[in-house]
Structures are given as C-alpha cells and as structure tokens.
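Coordinate analysis (summary)
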Amino acid sequence: MKKNISGKLALITLQVLLLPFLTGCWSSHEIEEVSLEIGIALDKGYLSSIDKEFEEQDGGYQKNNNITITFQTVNTKGIGNNSKGGGSSEQHSYLNVSETGDSTFQIVREIPLRRDHPIIGHHLKVIIISEELASNYSIKDLLDSYLRDNDIRPSCLVLISKGRASNALETNVIGEIPSFRLTKMVENGYRSNKILPAMPLAKLTGKIQSESSFLLQNVISADGEVKLTGAAVIKGKTNKVVGFLNEEELEGITWINGKVKGGVVKSSVKGQIIAYEIKSMKSKILPHINSGDITFEIKIETEGRLSENWVNRGKPSDNKFLREIEKSIEAEIKSLMENVVQKMQNDLEVDVAGFGNKLKIKHPKVWKEVKKDDWDVTFSKLPIKYNVEVTVADYGAVSSD
Amino acid sequence: MWKTIASFLPDWLIIIQSLIIFLIPYFIWRFFIYIRERANIATIKQESENSQENTCNFTGNLNSDLKFIKKEIGHNSDVHFREFNIGNTGIHAVIIFIEGLSDKDLIDKYIMKSLMIDFSNENISAFMTEEGFNNIIKQQVLSISDVTNTQNLNDLVMKVLQGSTALYIDGSADVFILGTTKGKTRSIEEPISEALVRGPRVGFTEKLSENTAILRQQGNIKSLSFIKFQVGKRGNKDLVVAYIKDLANPDLIHEIEKRIKKIDIDYLPESGYVEQLIEDNYLSIFPQLQSTERPDRVISALMEGRVAILLDGTPFALIAPVTFSMLLQSPEDYYERWIPSTLIRLLRFLAAFIALLVPALYISFISFQPGLIPTKLAISIVGSREGVPFTVLLEALIMEVSIEILREAGLRLPKPIGPAMGIVGGLIIGEAAVNAGIVSPIMVIVVALTAISSFAIPEYNAGISLRVLRFMAMFCAAIFGLYGVILFCLFLCSHLVKLKSFGIPYASPAVPFNLNDWKDFIIRVPLMMMKRRPKMMKTKNSIRQK
C-alpha cells in the first residue's frame, strides 16, 4: 500500500516537472525566419505601381498615404552560399521593401502581409529622413516609434536626405550593403572636417527634449552613389528642418564647436594653392557679459602640417614664409566661421554651434534671463569675435620649394 | 467595505497560478526526499542480512584436516598439495600453495629443502612437545621472513588464495602460513590518463603494496600513515587510507574510516566502487572524490591535509575531500612558473565555461535574442543557416550527440585504426553534413569548440559531468532563451553551494569566501606567497613555509 502511494507521488512529480515543456518555446523565432532590418528611409508618401495595383484590387485599409517607409533587409540568399558558388554573385546582398501609410509603426506591421519573413529591428543601423518629410513633420513625431521600441538600439544613426531618402539605400556595387556604407562613411570624420560627429538616436532624444536647434548630417544620392554633403538645420522649437548648410558652412561649424578630428584647409599664398592638414585643434567659445550685453569670443588653436605647397620659391623652412602661410590659413578658417555665423544669424536665425550651451554653463543666471525669449532670435543679434592661431609644426619630407 | 477589500484581492487564476508555483518546488523537494528514503531503506535491509561466518578450527590430525581443506579448495586445478616427511623423523607434513601465485623457487629452496634434507635430529628431544617443535621449525628451519600461524580453516584458505604457502605438520593444529606471494605485476609506467609535460613519469600500478611503496619513496615523510582495511564480503581486498598524521584533521580521518567501514558489498573491482559508496551526494552530477594515477598528486594533496584512499587492484587512488576548483587544476600548475600557470589556469576556467554554456548561448542567441550578436555575424549566421531543415536545438543535438558517439567510439576502437576512424568520422560530420545542408558550418564550429574545451579539463570525470550539464543547459536555452540559461546557472550554483565533500563545501574558497585560499584558486600566486596550507582543510599545522 505504501509503495503504491509513493509511486503515485513520483508520477505526480514527474508530471509537474514536465509542465514547463508543455508551454513550448513561445517566443522562439529563429534568426533565419525573420528579416534583419538594417536601414530605414522615411519619405513623403507615394504609391508605386504595385501599390496602386493592390489598391485597385481592393487591398489596403483606411489611410492618407502620408509616409512611405523603405526597409532595407539583408538578402540572405545572396550571402553565405559562397561555398556553393554559382549565380549568387549576381544578386544584390540587400533587399528594399517599401510600404506606405500614416503610422510608422503600423507600416512595419504591414510587412508580414507581403513578406514571409517579418522584420525585426535589433540590427537597425541607420534611419534616413527625407527633407520633404522633415520640413513638414516634426522629427520627434517621425522617430517616436523608433525611440520607444526597445528592440532598436540607441546607437542607430539618423541622417537627412535632401532628395528621396530611399535612393540613399541603393547601390550599384554587388555585395555592398548601402546601410553599412553610410554608417562607415559617417565614421570617416578623422579624414575630413566636413562630416558631423555621428548623431545616434541616444543623442537625438536629448536634443529633441531640450528644444535646442541642432544639425543632422545631410546625404545626397544619385544613381546608386551617395555623398555626405553639408547638414540640415533643425529648429529646436518645431523640430522641423528649416534650412541646409553647405559643405563649407559645415566646415565652419566644426571649427567653432571644436569637433575637427582631421581634414584639410585649402588656402592660397601669392595666388598659389597651399593645403594645410589639421593634426589637432582646440576651440573655445567664451561668452562675455559687459553691463548686460552678451558677446562671444571664439578662440581656436590648431596645429598641423603643410601637406601641399604650390608656391614658387616658397621655402617652408624659411620662418617668414611659414608665418605667411599661417596667416593665410588663419584668414581662411576665420572666413569659414564668419560665413556660417552670418548664415546662422541672418538667414536661419538659429544657433546650432553651441553658443547657447556655453553661455548656460558659464553664466547660468544670464541664461535664465535670456531663456525667457527665444534664444535663437536673441543669438542672431549678438556680436562674435574670432581669434585663430595656426601653427605649422611640420612641412613634410621636402624642405625646399 | 468588503467590496473595496475584494477589489484588491487577485483573481482566482492568479491564486491558482501562485499555488502551482509553490507546489512545483515542493514536489521536487518531496521527490528527492522520497528517493533518499528508499535508498536508506535499502541499506538498512542489507545491514540486517549480515551473514555470520562459520568458524572452523583444525584438529591436529593431518588426514582428517587435509580432507577438510581439500573439500574447501581441493577441486581447484591450480591448488597444489605436496605431501612429504620431515627429515628422517617420519613426521608427515603437507604444503599447500597455488601455482603461479607463489614463488616456487622459494618453496623449493627454503621450505622443502630445509624441511626434508637440512633437517637434523639434533634437537629431537624438543619434539616431545608440540609447542617446542613448532618453535624449532619457525626459529631454526624455515629461513623465510614472513611466517604466521593460524588454526582456522577460513584463514588458511584466504591466505593460500592470496599466494601464501600453508605448511601443515601432522600432530599440530597450528598451521604455518609462509609468505611466498609473488603476484603478477607490471612495471611502473607513465600514467596515461594524466600525462604531463613536466613532472614525474611515475604512475601507480595495480598492486597496493607497490603503490604504498611508491608513496613512501616520494620523500622521507615520517608521519605518513597507512591504515589498512579489509573490504568486500565475498572477494576480500585490501584498502589503505593514507594521510599525514600531524597535518590531517582527525575528524576528517574519522569520517572517512567510518564510511569505509560501512561499505558492505560483495566485491570491489575498482576504486570507483569505493568512490560511489562513500560519496556525500549520489544524486549530484559532480565527482566528490578525485581519482588520480599520479603519486605526486596524491602526496601534494596529503600535504594539504587531505586523505588518500588506495585500493588493491587498481592504479587509481582517491583523494578526499574535493573542491570544484581542484578539478580544474593540474599538478603542472605548481611545477611551472606562476605567470604561465595562472594564465593556463584561467584558460581552463574559460574552457569549462565554453564546454558548459556555449551551445546553450548559441541556441538562445539564434532563436530568442538575435539582437545580441554583432550585425555582421548575425548576417553570416543567417546566410549559413539558410536551407538548414532543423531548428537550432535539433541541429545542436544532432551534432553534440554525434560528437559524443565519435568520442565513445574512438575510445573503443583498436589503436591502429582509432585515429583513422576519428578523422573519417570528423570529416563526415564536419564536412559532408555541412555540404549536404543538414547542419550549418557555424554549428560545427560551436560543437567542435565545446568538444575540445571539455577535453581541456584535466579531470576526465569532471569533463563528463560538464558535458552532461551542457545538454541540460541546451534544453533550458531552447525553452526560455537567455532567461533559461540564467535559470540553469542559478540552479547549478545553488546546487554547487549546497554540495559538500566530506564536510568541505564544494565551491570553497569562493563560497564560503576565504581570501587566503584564493591564492590557489583561479590564479596561482608565486610559491613564496603560499605560506600556509588551505584554510578550508582545517589542518593541525597550517604553516607550509616561513
């Protein structure tokens, strides 16, 4: 009798132990059964011929077709089959899917209606927003679902495209993935000072919340090629794109806020070209308060090398000539900065170079006062002084000529 | 008012769920208690069935006693009875020995010859008394060192079967047992299962007396003590408990002796039997005694205050108590300089981690947390898994099981074709399965890595237990993802912390924390800094060097 009871007990225990197996693997979706989205392009709504066809056949739901989102996923059929060789090399290694609608999140969930592999956002690397969309809608609203989504990493980059954003997700090079190309290009700041420091989602939330104006890297595209050119200016009050800075103006911005890691300054001495390679730079924005009036002073110290010299009989080993070169580079940098400040103050009426932030840190009481009015407007009337100091530390392997 | 209270109370569903959540561990607990009780009942039953030995003494009459002995062992072909007369006295005598086990040279030259030819009549007067006669035989005639007496038949049979020669002289109930054992032994060889680059090339053999001798030779350790036990009811065997008297904790020795005395079994073919019969928790997957073939390992364990158990007939000695870290340590850690030793030891911890968790982590990354792999790797994994017909768990199981089969088969295969078959098997599994699209190449890498890692663990049985646990981890990962892996680790940790080996916590010195013992745990500090013996051993004398 006793043995019977213990046998029953063992049986019950076994059943209880087997309970977790009944539930199954409810959240298990194997990696090859989902699509990894790596890039997203947000465009103003437009319907492709296929979309129109679908709508004619009564597909679709109640929507205004405000936004078209292009999802770039990895075409796994083009990858990993290298060992088998053959025709796979002719295929692109990415796959772009577009879907039109009003809510960015709903558009994502429309994809399973059209594709066997639903899209997951864990590996999203870049979001490109077209200028057309960003000047009509607030960036905050456009990116809201991505900022909320805890699958998407905050390291995902945000770029603005002057043309159609989805074109930036195209390439003609077989095997290249456009989203990866863009993220790598943004990392090239150590070779050029025309590239803004990367603006990932994590930094962007701060900018959006603080209502201060900021810049986003602009990317243009033509025929499968892309280029980083200038930046889009986003006004803090509205979070909409209000204008663009061209490449030279962007250079001025990077000089002012000290974000130069490398690059070239082209200048001329005696009408001939010289090129200065930036090795290091320090920039200081000093806010001064004189009886209630705010003035700014920009102090820049830079050291670099003379990389190119076309000047006849200009010997860099000659100190006098070196002074001359330095003077001309200083003037060039100064004009770059003046140029962009002029645009910021007069044309766009925004402060995207961080003047307000410096004032906030150095003179918090004054900041509290000026904050009541629109800082961007106040800023546009403030005088700014420049102070540039260039040292050519090195003129390379050739000393004469 | 009741309504407001009721609104705060949870649903019936939640109450039922919480009840189930309570009941699961309760039933697990009850289940193990039930198993333990059953085991106890079984042992009690065995104890009550103790058989009493029949004592059977000799009478002194050669003919009747010889009949008696022959009835007992005479049917064996290898037992020899040689009857003769002592000298010219006409006293009848018989020697009984086993061919092959006893030294025939010795018997011929120093027993037969002294008794038959060299025997003189000078002390004939002393023959009057039985005692005097025996004394003369013992003191003057038999020129061999090991002579004992017995009057008991069982004793005689036991000794003869071990290789001694029994000398029965008519008229005396006192039978001489002459130590003529010359068992078959092999030469001392390098231990196969624990090969080292640097270190002594000596391994234990199957003969207990030789093994204890090897231990004695390890250095003139005055207080090295050997306590002998007889184990096995039907097939009697010698078992020696070795320890260093002025180091080892007396409580520990007492405990081990107690457990060995409790062993009540027919026969012990190998020290693994002893291990399983005296270990603390037979439901645990971890080995709670360390088995080793290396005398240097035994001696250094004894020097730490541990105890060794040596069984006749096996080259594997047992060391107790054991901590988990010991299973990841090799004697070479101490022979080589401390920096490389520390790095290698860290590497072994890493290998243990890989052997235990890597397939589980792979499964959970692939099917639950794809966001945790770097993007490029994720893409190449997706590409390689394209077309694989199985889920990750199934794929991993197929590969793991086939690797285990390959390992097991490699062990059995005859030496000349072993490596060849290993290569063929490895190639078929690795290359052909990938080409056929049954498994993905990354899975092959994962499985190969874990297989190699599990062999990097110096202790073979620790490697096996990690391998078994790996399968559990894989199932946990397949059900719950990383969450399941964490649960598995928690479960494992709670078991490790609770486990004890002869009173020493298995996870020490990590838990209970003891900073001093960390000097010889994950890292191995320079010898100059290891001034004291492990604190956890609670030795009598803790100073190793000054």
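Residues numbered from 1 in each chain as written. Chains lettered and ligands numbered in written order. Predicted model: local features only at pLDDT ≥ 70, side-chain atom pairs only at ≥ 80, totals over all residues.

Across its full length, chain B holds 18 helices and 12 strands. Over its C-alpha atoms chain B spans a radius of gyration of 32 Å, topping by over 25% the 24 Å that the globule rule assigns to 546 residues. Across its three principal directions, the C-alpha atoms of chain B cover 110 × 70 × 55 Å. Put simply, chain B has 546 residues, and 32% of those count as buried. (Helix = DSSP H or I, 4+ residues; strand = E, 2+ residues; numbered from the N terminus. Rg over C-alpha atoms; globule rule 2.2 N^0.38 Å. Buried ≥ 20, exposed ≤ 12 C-beta atoms within 10 Å, placed from the backbone.)

Looking now at the interface of chain B and chain A. The partner chain A presents 27 residues to the 27 residues of chain B that form the contact. If you list the elements that add at least two residues to the side of chain B that touches chain A, you get helix H2 (12-48), helix H12 (338-367), helix H13 (375-385) and helix H17 (460-480) of chain B. Among the elements that take part in the side of chain B that touches chain A, H13(B) stands out by supplying nine residues, more than any other. Grouping the amino acids of the side of chain B that touches chain A by side-chain chemistry returns 16 nonpolar, eight polar and three charged. (Contact = placed C-beta atoms within 7 Å. Nonpolar A, V, L, I, M, F, W, Y, C, P; charged D, E, K, R; others polar.)

Turning our eyes to something else, we now look at the pairing of strand S9 (residues 307-311) of chain B. Residue and element names in this part refer to chain B. Most of S9 is tucked away, with five of its five residues classed as buried. Side chains of S9 alternate between two faces, with Val307, Ile309 and Leu311 and Ala308 and Leu310 buried alike. Where strand S7 (residues 237-244) lies against S9, four bridges are found, and the strand directions are antiparallel. In the strand pairing of S9, Val240 is matched with Leu310. Here S9 runs beside strand S10 (residues 317-320); their pairing, made up of three bridges, is antiparallel. When the bridges of S10 are listed, Ala308 appears paired with Ile319. Counted between consecutive antiparallel strands, the loop separating S9 from S10 contains five residues, among which Gly313 sits at a positive phi close to 95°. (Pairing = 2+ DSSP bridges.)

Residue and element names in this part refer to chain B. Taken N-terminus to C-terminus, the directions of H12 and H17 make an angle of 20°; their axes are 8 Å apart at the nearest point. Of the possible angle classes, the one that applies to H12 and H17 is roughly parallel. When the axes of H12 and H17 are compared, the crossing they make is right-handed. Contact residues: H12 offers Ala352, Ala355, Leu356, Leu357, Pro359, Ala360, Ile363 and Ser364, while H17 offers Leu466, Arg467, Leu469, Arg470, Ala473, Met474, Cys476, Ala477 and Ala478. Of the residues assigned to the contact of H12 with H17, the class counts are 14 nonpolar, one polar and two charged. (Axes fitted to C-alpha atoms, helices over the stretch in contact; angles between N-to-C directions. Parallel < 35°, antiparallel > 145°, perpendicular 65-115°, else oblique. Left-handed = near helix turned anticlockwise from the far one by under 90°.)

With that settled, the discussion passes to the environment of A:Arg323. By secondary structure assignment, the location of A:Arg323 is in helix H10 (residues 319-348). Sequence-wise, A:Arg323 and A:Val392 are 69 residues apart; in three dimensions their C-alpha atoms are separated by 8.7 Å.

Residues and elements named next belong to chain B. Spatially, S1-S2-S4-S5-S3 is the arrangement adopted by the five strands of the open sheet, whose pairing is antiparallel. Of all strands in the sheet, those with a lone pairing partner are strand S1 (79-86) and strand S3 (147-150), marking the two edges. The mean inter-strand angle of the sheet, taken between neighbouring strand axes irrespective of direction, is 25°. As defined by bridge partners, S1 adjoins strand S2 (residues 91-98) across eight bridges and the pair is classed as antiparallel. The residue bridging Phe81 from the neighbouring strand is Ile96, located in S2. Against the sheet, helix H6 (residues 153-161) touches S2, S3, strand S4 (165-169) and strand S5 (175-178), its axis set at about 55° to S2.

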